[in-house]
Amino acid sequence: MIQENVLTWFLACRTTDVPDNGGVCVKYHDDQIALFNFSRRGEWYATQNMCPHRMQMAISRGMIGTQNSEPKVACPFHKKTFSLSTGKCLSGDDCGDLKTYPVKIENDLVYIGIEE
Amino acid sequence: MKIVVIGNGMVGYKFCEKLTAKAQSGQFEIVVFGEEIRPAYDRVHLSEYFAGKTAEDLTMAGLDWYEEKNIKLYLGDPISYIDREQKTVRSHHGITESYDYLILATGSAAFVPPIPGVEKEGVFIYRTIEDLELMTAYAKKAKTGAVIGGGLLGLEAAKAMIDLGVTNTHVIEFAPRLMPRQIDEAGSNILKAKLESLGLSIHTSKNTSGILGDQFINGMQFSDDTKLDVDMLVISAGIKPRDELAKLAGLETGHRGGIVVNDKLATADQFIFAIGECALHGGMIYGLVAPGYEMAEVVAANLMGGDKSFTGFDMSTKLKLIGVDVASFGDPFVSHTEGRSIVLEDSMKGVYKRINISNDGKYLLGGILVGDADAYNMLLQTSKNKVVLPPNPEDVILGARGGSGGEGGAGITSLPDDALICSCESVSKGDICQAVCDGNETMDAVKKCTKAGTGCGGCVPMVKDLITHTLKSQGKYVRNVLCEHFNYSRQELYDLVKVHKLMTFDEVLNKLGTGDGCELCKPPVASILASLWNEMILAKGNDTAQDSNDRFLANIQKGGTYSVVPRIPGGEITPEKLIVIGEVARKYNLYTKITGGQRIDLFGAHVSDLPAIWSELIAAGFESGHAYGKALRTVKSCVGSTWCRFGLHDSVSFAIRIEERYRGLRAPHKLKSAVSGCIRECAEAQSKDFGIIATEKGWNLYVCGNGGSKPQHALLLATDLDSETCIKYIDRFLMFYIKTADPLTRTATWLNKMEGGIDYLKNVVINDSLGIAGQLEAEMQLLVDNYKCEWKEAVENPEIRKRFSHFVNAPEVKDPSITFEPMREQKKAKEWK
């Protein structure tokens, strides 16, 4: 039997609520999701908001950018960097990775995909 | 082939690392037994455990590393028996493993002299993380402490005691001087004076005869009939090789301990090797990590079929003891028949340098450095490689005199290729230069490729010099470019942004860079834009190019709350304004603390409360203190001539004028200043980026001082200035710094790197040697004229104000993960993991 992961698309906010090339934090029940509008690349990303290094709710306030074309975010606390596409820690130490979520835009509204 | 390693300390680990790096996977089956419950950790930097490093930070490699390398690791399970006939070992828990080769890396234990009373509670040794944990718990109730042993480890332990809050700490040394193996009497005296000025009490030629107290230690008795009251004691009187297992197995050991090994590190049994501090080679125990690593290398290489020998090791060391540099190299105590010494002793600065020179004056045999060991690497290489000394050998410790610049003595260029630069990992100059030629052009790349600088880190400055030198010799122009997106240094970028009149991060990136930017280039570019145009930093889409603190105009703190610092120019504040701060703090439940810069910091503000907090503060006449920015922070002042009976001028008024002139000024790094009303210097102006001290005739201006991790006194730039000239010089100085410094470089470091140093800077600022003084002043005036309080702009702009919420889809909800703990009638952030 083929098991399919069912995605629930959750309406997070309007596209204009998220600053260009920056992030915001989205409340989803008791979870916190960091949502990024990488407008320079025309891309949207979502990850967990908690930085696994010191368990701080801060990823959404991090600066985003690229490293060899890989989109990434830097936690404001100690500048640990994580890939926005895979969530993998790029800082060369094993502080843990970020969970990532799919994002879709429809009619200027931002939806985040949650696996049920 | 199966290898069993007994001991999982630094050397035991290094052996595994070296062997697995050389071998093909599956070539060796490796089994390791460790007595401690943790995998090998960095014992050399043990005292950093008190300075905030965790056990995890100190770990050499995590358990997953052992797994990845297929090494079977038993922790908390020492070997209790070696059966040499059957070639098996049996552990304390009863595990039996056979071996083809057995490596003893059992290390050493603290040597505890047989003093009556050593068993009392409150007496500790200093060896493992467990020891430190026990000390930490006990130190809470101790006020006075002592350390037996004034050697390298003993002084480290004394530092640990101070870090633990036992500020009244005594060091008891049996020998007539400190660090008797490394330094001579004169060096010890300088070191002693330095350590005493830091609060330690040092007793030499003192023999402890008893430890007093009933169950708990409460004092020490000495053989000269004196006593000392102490609450806790750490014994650090040397090491004792762990050779009991070898003895039990019938292997030869030394009279004073240690497993006897030959040049191959083999014991009397050809299938058993001993490495590290448990091995006795040529009658010597090597109590340092570097020779232990070399032993590991020899055995690992020979197991791979090599033919390496261990023939002794240079015991030169350099370390920082409680902030004081101490180094000794080669033969530090040459006798009169073997050579002559040149000694520099400066009891004012607390510097002692001794170099020992061969009788013909040609070679450096060894030496001692106390208080300033910057020349250590160079001197060590000069002596090791028998580099011929310059005609005036004293130059190597005094520096070339008369005129600035010059490398002073023999430079890295004169070293032969086989000169060992990193002794921890035995990496030669040739290895490093080759790595650079192969394209490893940064410190990180060279570290990765050669491992140089990954041990004690002492050689890092030299490796950096070698990288720069090698690149230069290949005709490459060496610059500090920002990152992969900008192939320019900060100074170049500053000029280009100005010429092209670029106003936003995106414009700068489109015109001058490639790709999408990152956390390395965004803040410096945003800072350049602010330094050039002084526009609101959150406008025009520049908000997301700001570092987190600048983006929210507040300092992010543990737990994700922010702190708020209103500007209090010169530290002068009215009772009315104090009341407002108190009321705001009470209303928003903030922790309040007076800062080092004569201001008040309010901690624990939710991001969504920041605009409301600032609205109230602004209504009361406050403005941003820029504590979050790489900008002017505070201009501290003493009370000056208006009240003080010694004051020469009104330092408070001048401090306020200076602070209001430069408030909001964005720079490559933060800027601090102070004004003192007389030579007593109560405002500590000489520790600031620019400091002003009143004289009978006017003001003395000091520049490029620094507190922080590497304190440096400011240097005198100009004397007896009137107020207008003083401000003119500061304008020029600050603008010149803003235009030319690398990102995150304080003025002190900027000056240290400047060719020509303070003389050159004086020429630029006072004599206008570059002909840019007028331009610098005009640029500064533009910034001063453009100043606006950015918090006022933020709270008045609904678009900006909207960004100050935690949840975009629930702006009224605060981050529920934020929790506080009560402390002394206020609160503190919850400790993070």
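Conventions used here
Residues numbered from 1 in each chain as written. Chains lettered and ligands numbered in written order. Predicted model: local features only at pLDDT ≥ 70, side-chain atom pairs only at ≥ 80, totals over all residues. Heavy atoms only, no water. UniProt positions renumbered as here; feature names shortened; annotations may be inferred. Helix = DSSP H or I, 4+ residues; strand = E, 2+ residues; numbered from the N terminus. Rg over C-alpha atoms; globule rule 2.2 N^0.38 Å. Buried < 20%, exposed > 50% of the residue type's maximum accessible area, 1.4 Å probe, protein only. Areas by Shrake-Rupley, 256 points an atom, 1.4 Å probe, with all protein chains shown as cover. Lys, Arg positive; Asp, Glu negative; His and termini not counted. Charge placed at Lys NZ, Arg CZ, Asp CG, Glu CD. pLDDT = per-residue confidence, 0-100. Pairing = 2+ DSSP bridges. Axes fitted to C-alpha atoms, helices over the stretch in contact; angles between N-to-C directions. Contact = heavy atoms within 4.5 Å. Polar contact = N/O pair within 3.5 Å; in protein donor to acceptor, adjacent residues only side chain to side chain. Phe/Tyr/Trp six-rings, centres within 6.5 Å; stacked < 30°, edge-to-face > 60°. Lys NZ or Arg CZ within 6 Å of the ring centre and 35° of its normal. Salt bridge = Lys/Arg side-chain N within 4 Å of Asp/Glu carboxyl O. Core = buried A, V, L, I, M, F, W, Y, C linked by side-chain atoms within 4.5 Å. Domains from an automatic or database assignment. Buried area = accessible area lost by both parts, 1.4 Å probe. Nonpolar A, V, L, I, M, F, W, Y, C, P; charged D, E, K, R; others polar.

- Labelled according to an unreviewed UniProt entry, chain B appears under the name Nitrite reductase large subunit, originating from Niastella yeongjuensis.
- The record in UniProt for chain B states the following under Pathway (unreviewed entry): "Nitrogen metabolism; nitrate reduction (assimilation)."
- Recorded in UniProt for chain B, the comment headed Sequence similarities (unreviewed entry) runs: "Belongs to the nitrite and sulfite reductase 4Fe-4S domain family."

- Within an unreviewed UniProt entry, the label attached to chain A reads Nitrite reductase small subunit, and the organism entered is Niastella yeongjuensis.

### Regarding the overall build of chain B
No. 1: Looking only at helices and strands, chain B features 26 helices and 39 strands.
No. 2: On C-alpha atoms alone, chain B measures out to a radius of gyration of 30 Å, which is about the 28 Å that the 2.2 N^0.38 rule sets for 833 residues.
No. 3: Summarising its shape, the C-alpha atoms of chain B cover approximately 85 × 65 × 65 Å along the three principal directions.
No. 4: Evaluated residue by residue, chain B yields a buried proportion of 54% over its 833 residues.
No. 5: Accessible surface for chain B amounts to roughly 36700 Å². Of this, 50% is attributable to carbon and sulfur atoms.
No. 6: Taking the average place of the 93 positive charges on the side chains of chain B and the average place of its 106 negative ones, the gap between the two points comes to 3 Å.

### Regarding the confidence of the model for chain A
No. 1: For chain A, per-residue confidence averages 90 on the pLDDT scale, and residues scoring 70 or more make up 93% of the total.
No. 2: Across chain A, strand 4 (residues 43-48) of chain A holds the top mean pLDDT of 96, while strand 1 (residues 7-14) of chain A sits lowest at 91.

### Some thoughts on the sheet that holds strand 34 (residues 671-676) of chain B
All names here are of chain B.
No. 1: What the five strands build is an open sheet, ordered 33-34-35-36-37; its pairing is mixed. A single partner strand is all that each edge strand has here, and the edge strands are strand 33 (632-637) and strand 37 (715-721). Between one strand axis and the next, the sheet turns by 15 degrees as a mean value, whatever way the strands run.
No. 2: One ladder, built from four bridges, connects strand 34 with strand 35 (residues 690-694); its direction is parallel. Residue Val675 lies in a different strand from strand 35, and its bridge partner there is Ile692.
No. 3: Across the sheet, helix 20 (residues 651-662) is in contact with strand 33, strand 34, strand 35 and strand 36 (699-703); its angle to strand 33 comes to roughly 175 degrees.
No. 4: The strands touched by helix 23 (residues 757-765) are strand 36 and strand 37; relative to strand 37, the strand with the most contacts, the crossing angle is about 35 degrees.

### Remarks on the side chain of Ser676 of chain B
Residues and elements named next belong to chain B.
No. 1: By secondary structure assignment, the location of Ser676 is in strand 34.
No. 2: A relative accessible area of 0% means that Ser676 is categorised as buried.
No. 3: One polar contact links Ser676 to Glu681, side chain to side chain, over a distance of 2.6 Å.
No. 4: Once residues within four sequence positions are removed from consideration, Ser676 is found in contact with Cys638, Ser651, Glu681, Cys682, Ala683, Glu684, Ala685, Ile692, Ile693, Ala694 and Trp699.

### Describing the packing of aromatic side chains
No. 1: Following the criterion strictly, the structure yields 20 aromatic pairs over all chains and no others.
No. 2: Consider the rings of Tyr13 of chain B and Tyr66 of chain B, whose centres lie 6.4 Å apart with planes at 70 degrees: the pair is edge-to-face. With a gap of 53 residues between them, Tyr13 of chain B in helix 1 (residues 10-22) and Tyr66 of chain B in helix 3 (residues 63-68) connect regions that are remote in the sequence. The exposure classification of Tyr13 of chain B matches that of Tyr66 of chain B, with both residues buried.
No. 3: The ring of Phe552 of chain B has Arg61 of chain A lying over it, and the distance from NZ or CZ to the ring centre is 5.8 Å.
No. 4: Over the face of the ring belonging to Phe646 of chain B we find Arg680 of chain B, whose NZ or CZ atom lies 3.7 Å from the ring centre.

### Looking at the pairing of strand 35 of chain B
Residue and element names in this part refer to chain B.
No. 1: Burial analysis of strand 35 places five of its five residues in the buried class, which makes it a mostly covered element.
No. 2: Here strand 35 shows no split at all, with Phe690, Ile692 and Ala694 on one side and Gly691 and Ile693 on the other all buried.
No. 3: In this sheet, strand 36 lies alongside strand 35 in antiparallel orientation, the contact comprising five bridges. Residue Ile693 lies in a different strand from strand 36, and its bridge partner there is Asn700.
No. 4: Hairpin connection, strand 35 to strand 36: the antiparallel pair is bridged by four residues.

### Details of unusual backbone geometry
All names here are of chain B.
No. 1: The phi dihedral of Leu553 falls on the positive side, at around 50 degrees, and the residue is not glycine.
No. 2: One can find Leu553 in the loop between helix 17 (548-551) and strand 29 (555-556).
No. 3: Of note in this structure, Glu825 is not a glycine but carries a positive phi near 65 degrees.
No. 4: Structurally, Glu825 is set in the loop between strand 38 (820-823) and strand 39 (826-829).
No. 5: Taking the relative accessible area as the measure of exposure, Glu825 reaches 85% and is therefore exposed.

### Some details on the sheet that holds strand 25 (residues 351-358) of chain B
All names here are of chain B.
No. 1: Taken in spatial order, the five strands of this open sheet run 22-23-26-25-24, and their pairing is antiparallel. The sheet terminates laterally at strand 22 (317-321) and strand 24 (339-346), the two strands that pair on one side only. Across this sheet, the average inter-strand angle for adjacent strands is 10 degrees, counted without regard to direction.

### Some words on the pattern of salt bridges
No. 1: This structure, assessed with the given rule, holds 47 salt bridges over all chains.
No. 2: Across the pair Lys802 of chain B and Asp17 of chain A runs a salt bridge, and its minimum N-O distance is 4.0 Å. One end of the pair, Lys802 of chain B, is in helix 26 (residues 798-802); the other, Asp17 of chain A, is in the loop between strand 1 and strand 2 (22-28), on a second chain.
No. 3: For Lys802 of chain B, a relative accessible area of 38% translates into the label partly exposed.
No. 4: The exposure class of Asp17 of chain A is buried, given its relative accessible area of 10%.
No. 5: Each of Arg40, Arg41 and Glu43 of chain A together with Asp506 and Asp516 of chain B takes part in a single network of salt bridges with overlapping partners.

### Focus on the nonpolar core
Residue and element names in this part refer to chain B.
No. 1: With 63 residues, the main nonpolar core has Phe486, Val497, Tyr662 and Leu761 as its most contacted residues.
No. 2: Examining the composition of this core, we find that ten residues originate from one element, helix 21 (residues 723-740), more than from any other.
No. 3: The two domains that each donate at least three residues to this core are domain 3 (490-546) and domain 4 (638-785).
No. 4: Among residues more than four places away in sequence, those in contact with Phe486 are Val481, Leu493, Phe505, Val508, Leu509, Leu512, Gly513, Cys521 and Val525.

### Let's talk about the interface of chain B and chain A
No. 1: Each partner contributes residues to the interface: chain B has 41 residues there, and chain A has 42 residues.
No. 2: For the chain B and chain A pair, buried surface summed over both sides reaches about 3200 Å², with 49% attributable to carbon and sulfur atoms.
No. 3: Viewed at the interface, chain A and chain B are joined by six salt bridges.
No. 4: Note that Arg41 of chain A and Asp516 of chain B form a salt bridge whose closest N and O atoms lie 2.8 Å from each other.
No. 5: Our count for the chain B to chain A interface comes out at 23 residue pairs in polar contact (both at pLDDT 80 or more).
No. 6: Those elements that provide at least two residues to the side of chain B that touches chain A are helix 15 (505-512), helix 16 (522-533) and helix 17 of chain B.
No. 7: Residue contributions to the side of chain B that touches chain A peak at three residues, all from helix 15 of chain B.
No. 8: Here the side of chain B that touches chain A is composed, by residue class, of 14 nonpolar, 13 polar and 14 charged.

### Examining the pairing of strand 26 (residues 364-370) of chain B
Across a regular strand the side chains alternate sides, sitting on one face of the sheet and then on the other.
All names here are of chain B.
No. 1: Most of strand 26 is tucked away: six of the seven residues are buried.
No. 2: Examined bridge by bridge, strand 23 (residues 324-330) and strand 26 share five bridges and lie antiparallel to one another. Across the sheet, Phe329 pairs through a bridge with Gly367, a residue of strand 26.
No. 3: Between the end of strand 25 and the start of strand 26, which pair antiparallel, lie five residues, with Gly361 showing a positive phi angle near 75 degrees.

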